[in-house]
Amino acid sequence: MTVRAVLGIRRWRHNPVCRATDRHEAWAALAALLLMLLAAPVAGWKTGSLTDDALQRAVRVQHEQRHLTAAVVVRPASGTSRFAQDPEAATVAEGSMRTPVVAEWRAPDGTARTGTVSTASTKTTPGARIRIWTDGRGDPAMRPMDVSTAHTHAVLAGIGATLLAGGLTEIARRLAVWRMMQRRYARLDRAWAEVGPDWGRTGTGS
């Protein structure tokens, strides 16, 4: 519909039966098309760029604050660790098994820590050495986001912003056309109300 209306602008300009609202609808369609082709991609690129900048800063901060720490398995743990399902651990194969264990490790200040953590290591017998992520205080932490995951999130944000901008533009066009049609019908109703009572009478309009 939008393309047909745009292609009809040139033809309707010199058409004596073309109504003003027809031209307005065509111009609205052209404006919407230009916004979808030009403004929406720009909005998506800008959103993706800003998102990527913010995520890259978060990546740097997370890598500065979180550290891989050597831990020793004490015993198997019942239940799951709150770090077992890590949405940021993109480097771990999807669906890989993570085993909860009670482990011991040292905090940066040298104090001993014990807690339930999860590991993808296949060696989880007591005494086995595993590596876990900890924060600056030595508490268990989720794996920091990596650069590729941040880029992926930014790209998805840009695509989402582009689609959203295009959808909002089309909604605005449809609302504008609906409003034009309502005004057109209102004018027709007023015109009919003026001539309706005299319709068909001899000498009407003379």
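With respect to the pairing of strand β2 (residues 99-106)
Relative to β2, strand β1 (residues 67-76) runs antiparallel, the two sharing five bridges. Paired with Ala71 across the strands is Trp105, a residue of β2. Bridge count between β2 and strand β3 (residues 112-119): eight bridges; the pairing is antiparallel. From the neighbouring strand, Trp105 faces β3, where its bridge partner is Arg113. Linking β2 back to β3 in an antiparallel pair, the connection comprises five residues, with Gly110 at a positive phi of about 95°.

Thoughts on the pattern of salt bridges
All chains considered together, the criterion is met by five salt bridges. Residues Arg137 and Asp139 are paired through a salt bridge, measuring 3.5 Å at the closest nitrogen-oxygen approach. When its relative accessible area of 60% is taken as the criterion, Arg137 is described as exposed. Here Arg173 and Glu170 are joined by a salt bridge, their closest N and O atoms 2.9 Å apart. Note that Arg173 and Glu170 are positioned in helix α4 (residues 147-195) at a spacing of three residues, about one turn of the helix. The residues Arg173 and Glu170 share a single accessibility class, namely buried.

Considerations on a positive patch on the surface
On the surface, Arg179, Arg183, Arg187 and Arg190 cluster together into a patch of positive charge. Secondary-structure assignment places Arg190 in helix α4.

Regarding the sheet that holds β2
Working definition: the strands of a sheet are paired by backbone hydrogen bonds and lie parallel or antiparallel to each other. Sheet architecture is open: four strands sit in the order β3-β2-β1-β4, paired in antiparallel fashion. The open sheet has two edge strands, β3 and β4 (129-134), and neither has a second partner. With strand direction ignored, the average angle separating the axes of adjacent strands in the sheet is 50°.

Topic: the confidence of the model for the protein chain
On average, the protein chain scores 80 in pLDDT, and the residues at 70 or more come to 74%. At the low end of the mean pLDDT range in the protein chain sits helix α1 (residues 2-7), at 52; at the high end sits β4, at 93. When the criterion is pLDDT under 50, residues 84-95 qualifies, and its contacts beyond four places in sequence or with other chains add up to 16 contacts.

Description of the nonpolar core
Counting residues in hydrophobic clusters, the biggest one holds nine residues: Ala71, Val73, Val101, Ala103, Trp105, Val117, Ala128, Ile130 and Ile132. Contributing elements (two or more residues each) for this core: β1, β2 and β4. Looking at which element gives the most residues to this core, the answer is β2, with three residues. In contact with Ile130, other than residues within four places in its own chain, are Thr69, Ala70, Ala71, Val73, Val101, Ala103, Val117, Thr119, Ser121 and Lys123.

A short note on a nonpolar patch on the surface
Side chains of Val155, Leu156, Ile159 and Leu163 sit close together on the surface and give an oily, nonpolar patch of about 400 Å² of accessible area. Its location among the elements puts Leu156 in helix α4.

Looking at the environment of Pro76
Within the fold, Pro76 resides in strand β1. Put simply, Pro76 and Pro100 are 24 residues apart on the chain and 6.7 Å apart in space, counted from C-alpha to C-alpha. Residues within four places of Pro76 in sequence aside, it is in contact with Pro100, Val101 and Val102.

Some remarks on the environment of Ser118
Take Ser118: it is sitting in strand β3. Accessibility expressed as a relative area gives 6% for Ser118, which makes it buried. Distance from Ser118 to Pro140, taken between C-alpha atoms, is 9.7 Å for residues 22 residues apart in sequence.

Basis of the calculations
- Residues numbered from 1 in each chain as written.
- Predicted model: local features only at pLDDT ≥ 70, side-chain atom pairs only at ≥ 80, totals over all residues.
- Heavy atoms only, no water.
- Pairing = 2+ DSSP bridges.
- Helix = DSSP H or I, 4+ residues; strand = E, 2+ residues; numbered from the N terminus.
- Salt bridge = Lys/Arg side-chain N within 4 Å of Asp/Glu carboxyl O.
- Buried < 20%, exposed > 50% of the residue type's maximum accessible area, 1.4 Å probe, protein only.
- Patch = residues over 30% accessible without salt bridge, like charges linked within 9 Å, V, L, I, M, F, W, Y side chains within 5 Å.
- Areas by Shrake-Rupley, 256 points an atom, 1.4 Å probe, with all protein chains shown as cover.
- Lys, Arg positive; Asp, Glu negative; His and termini not counted.
- Charge placed at Lys NZ, Arg CZ, Asp CG, Glu CD.
- Axes fitted to C-alpha atoms, helices over the stretch in contact; angles between N-to-C directions.
- pLDDT = per-residue confidence, 0-100.
- Contact = heavy atoms within 4.5 Å.
- Core = buried A, V, L, I, M, F, W, Y, C linked by side-chain atoms within 4.5 Å.

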